[in-house]
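# Tertiary structure, described
Spelled out from the first residue to the last, the chains are:
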Amino acid sequence: MLDANKFDEKANSIYEAHKEEWEKLYDKKIIAIDIDANDFASVGDSLRDVGLEARKKRPGHRFFCA
C-alpha cells in the first residue's frame with residue numbers, strides 16, 4: 001500500500017503525463033485518476049458523481065480526483 005506522499009506523487013505523475021490531452025478533452029471537468037491503472041476512470045461535473053462512477057467501474061482501485 002502506498003503512503004499518502006507516494007500516493008500523491010503517483011497521482012501527480014499520472015496527471016502530468018496526460019495533462020495536455022486531458023485538459024483539452026475535459027476542460028473544467030473533474031476527473032478521477034485511477035492510481036492502479038495509471039489512467040482516468042471517470043469524468044464529470046460533480047465530485048460525488050465522478051467518485052461513485054469510478055468506484056462502480058473499478059471496484060477496489062484507488063482514485064485521486066483532480
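Above this text is the structure in question.
As a starting point, this report considers the structure included with it. On a predicted model such as this, the values are computed, not experimentally measured, just so you know.

Basis of the calculations
- Residues numbered from 1 in each chain as written.
- Predicted model: local features only at pLDDT ≥ 70, side-chain atom pairs only at ≥ 80, totals over all residues.
- Heavy atoms only, no water.
- Salt bridge = Lys/Arg side-chain N within 4 Å of Asp/Glu carboxyl O.
- Helix = DSSP H or I, 4+ residues; strand = E, 2+ residues; numbered from the N terminus.
- Buried < 20%, exposed > 50% of the residue type's maximum accessible area, 1.4 Å probe, protein only.

### Some remarks on the pattern of salt bridges
Here the structure, examined in full by the defined rule, presents seven salt bridges. The closest approach of N and O atoms between Asp39 and Arg58, which form a salt bridge, is 2.8 Å. You can see Asp39 sitting in strand E2 (residues 39–44) and its partner Arg58 sitting in the loop between helix H2 (47–57) and strand E3 (63–65), a full 19 residues away along the chain. Asp39 gets classed as partly exposed once you look at its relative accessible area, which sits at 26%. With a shortest N-O distance of 3.3 Å, Asp49 and Arg48 are connected by a salt bridge. Residue classification places Asp49 among the partly exposed residues on the basis of a relative accessible area of 44%. On the accessibility criterion, Arg48 (59% relative accessible area) is exposed. Via salt bridges that share partners, Asp34, Asp39 and Arg58 belong to a single interconnected network.

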